[in-house]
Amino acid sequence: MGLHPRQPSVAAAGTADAATGATSTGLGHDAHDLRWDRRWMVLVLAVSGLAVALSVAFVWLHVAGPSDGARMQPGRRTWAHGGVVVSPLVTRPGGLASGDVVVAVDGRPMRAWEQGLVAPHAPHPRWQVGQTVTYSVQRHGRLLDVPVRLGSYPWRGLVQQGWSMLLYFLVFALVGTYVFIRRPADRAAKVLFVSTSTLLAANVVWSFGLQVTDITGGVGFWLSTTMALVVNPICWAGFLHFVLLFPRVHPVLAGRRWIIPSLYLVAFPCSLVSLAVFRAMTPGTLDWLEPWGLGSNTVILGYMALIVLVLWSNLRAPLGAVAHQQLRWIVFAGLVSGAGDLMLWILPASVLGHPLISLNVLGLVLLPIPLALAVAILRYRVFDIDVLINRAMVYGTLTAILGLGYAGVVLAAGQLLGSDRSNLAVAGATLVMAAAFQPARRHVQATVDRRFNRRRYDAAKTIAAFSVRLRDEIDLDTLSAELLAVVDQTMEPTQVSLWLRPSAPGSSGTRRSEARPTTWTY
């Protein structure tokens, strides 16, 4: 069932769908032991509180401590050979520039500072606001000594470069907190609260980015690493757990209580294995730290793949109409935001070393996810989401097919015609793709309907079968009953009636004296 703010319960667990007889579960409270309820509550509050506390500690470290006005840009390769790449939040004359590689601080190489991160008794400086520190940087192939005056953290620059990401995290956290406050005893609400609160905590730290002072001091680096390698996997495991509970309890959980803890624990041995492999492949500590982000992204991609599989399974399951409506909102947001995040940020950052969009654009790309989740839970029948999902899947797939076909035709024609006739190859490829557009669109539309929109596909098959029978049927009563059955099956109206107009005078049909309006109700 769907959830409306005025409803007395979040959802009815186990509501039987009238048409299919299937059982759908929304954010409902399953019958389970009250002792487990109390343990769940304690665990939820402990995990969320710990994540928020670590995030607050990281933020306070930057607020209270000195700042050089620059950070290691999130989403970019910042661990360069022999140093770290920084990007100023606020540009100052004669100060650090974007892309500078800091190789030494006060004459001590960054490799020595990096070794101090894993050495328990390594000395760490205690710099103060107003103190000047000399950074040795590589800029455009030259080695420069840049005096950096430490000051307070540049909040304005941080907000300007990442305001949409902060908005995205805040909206997600507000949705999860609101649902949890309304239904604190609901398991799905608890899981959503854990996911959104840990997402807020981990990604606030990620948005801040590391400073050189975090590496020389050590505390900020390890707080950030803990959020990336521990809290972030908990966040994504929580989202996977949530889609296994909402809008129904997935059948894979039946009788397998070990699955839930495994979801949260499997990321940690994977991270440890990746760290061990990277350590064996790299010569020093600085080189070892560089691929940590790649290992974290790999774990996140694994969780994203499992979430997509669960959503696909739920979408094809015989759920009730309300549960399907809720699920379609989540699927639509996942199609739009997930594809954008993957293609414009995660893959380019892992392969090219930098994303294709800025942080502010990324925040706007991801914002539909919490908004759609809020609509799915609180107000699920606002727009015709079926049309949006169908068009997104059809035209997204069609764009990918035509784009790959266009590139293939251009390359093949270029090889056949030669480089001096490249314009002819481009024109020919354009004509081929234009001719293939309508057939490809019809094929993709039929495939999407067959796989993800079974109601439309089955309705088309039902009408086609009725058209075949219509040619041979001569009995009026049988024909009328079949027509009513087809209308009820394809359109599912509350009531359907058929009225037959009397034959016209002088027609070859029923005589005027026998003609009468007839009504069938199905």
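Residues numbered from 1 in each chain as written. Predicted model: local features only at pLDDT ≥ 70, side-chain atom pairs only at ≥ 80, totals over all residues. Heavy atoms only, no water.

**Regarding the confidence of the model for the chain**
Of all residues in the chain, 75% attain a pLDDT of 70 or more, and the chain-wide mean is 76. Note that residues 1-26 has pLDDT below 50 and, in this model, 68 contacts with residues that lie over four places away or in other chains. (pLDDT = per-residue confidence, 0-100. Contact = heavy atoms within 4.5 Å.)

**Section: the nonpolar core**
Of all hydrophobic cores here, the largest spans 63 residues; its most connected members are Y168, F242 and L373. Examining the composition of this core, we find that 10 residues originate from one element, helix α6 (residues 219-245), more than from any other. Those residues in contact with Y168, other than ones at most four positions away along the chain, are L199, G363, L366, L367 and P370. L117, Y135, L150 and F278 belong to the second largest nonpolar core, which has 41 residues in total. (Core = buried A, V, L, I, M, F, W, Y, C linked by side-chain atoms within 4.5 Å. Buried < 20%, exposed > 50% of the residue type's maximum accessible area, 1.4 Å probe, protein only. Helix = DSSP H or I, 4+ residues; strand = E, 2+ residues; numbered from the N terminus.)

**Focus: helix α2 (residues 110-117)**
In an α-helix, one turn spans 3.6 residues; hence positions three or four apart end up facing the same way. Among all positions of α2, only M110, W113, E114, G116 and L117 are buried. Down the axis, α2 shows its buried residues gathered within 155 degrees of arc, on one side only. (Arc of directions from axis to C-beta.)

**Details of the packing of helix α4 (residues 187-208) against α6**
Taken N-terminus to C-terminus, the directions of α4 and α6 make an angle of 150 degrees; their axes are 8 Å apart at the nearest point. Compared by their axis directions, α4 and α6 come out roughly antiparallel. Crossing angle aside, the handedness with which α4 passes α6 is left-handed. Contacts between α4 and α6 pair R187, A188, V191, L192, V194, S195, T198, L199, A201, A202, N203 and V205 from the former with S224, M227, V231, N232, I234, C235, G238, F239, H241, F242 and L245 from the latter. Taken together, the residues that form the contact of α4 with α6 break down as 15 nonpolar, 7 polar and 1 charged. (Axes fitted to C-alpha atoms, helices over the stretch in contact; angles between N-to-C directions. Parallel < 35°, antiparallel > 145°, perpendicular 65-115°, else oblique. Left-handed = near helix turned anticlockwise from the far one by under 90°. Nonpolar A, V, L, I, M, F, W, Y, C, P; charged D, E, K, R; others polar.)

**Quick look at the environment of A97**
Position of A97 relative to the elements: it lies in the loop between β5 (83-88) and β6 (100-105). As for A97 and S87, which are separated by 10 residues in sequence, their C-alpha atoms are 6.5 Å apart. In this view, A97 contacts V86, P88 and R139; residues no more than four positions away in its chain are not counted.

**Things to note about the pairing of strand β9 (residues 142-149)**
As paired strands, strand β8 (residues 132-139) and β9 are joined by 8 bridges and run antiparallel to one another. Paired with R139 across the strands is R142, a residue of β9. Hairpin connection between β8 and β9: a loop of 2 residues separates the two successive antiparallel strands, and H140 in this loop has a positive phi of roughly 55 degrees. (Pairing = 2+ DSSP bridges.)

**A look at the packing of aromatic side chains**
Enumeration according to the criterion identifies 13 aromatic pairs in this entry. The interplanar angle of 70 degrees and the centroid separation of 5.9 Å between the aromatic rings of W206 and W345 together place this pair among those described as edge-to-face. Linking W206 in helix α4 with W345 in helix α11 (residues 321-351), this pair joins segments that are 139 residues apart in sequence. Judged by its relative accessible area of 28%, W206 falls in the partly exposed class. Ring plane angle 80 degrees and centroid distance 5.0 Å describe the contact between F221 and W222, whose orientation is recorded as edge-to-face. You can call F221 buried: its relative accessible area is 2%. Residue class for W222 comes out partly exposed when judged on its relative accessible area of 34%. Over the ring of W113 we find R108, and its NZ or CZ is 4.2 Å from the ring centre. (Phe/Tyr/Trp six-rings, centres within 6.5 Å; stacked < 30°, edge-to-face > 60°. Lys NZ or Arg CZ within 6 Å of the ring centre and 35° of its normal.)

**Points about the pattern of salt bridges**
The full count for this structure, using the stated rule, is 1 salt bridge. Between D100 and R139 there is a salt bridge; the shortest N-O distance is 2.8 Å. Placement of the pair is D100 in strand β6 and R139 in strand β8, with a sequence separation of 39 residues. For D100, a relative accessible area of 1% corresponds to the buried category. (Salt bridge = Lys/Arg side-chain N within 4 Å of Asp/Glu carboxyl O.)

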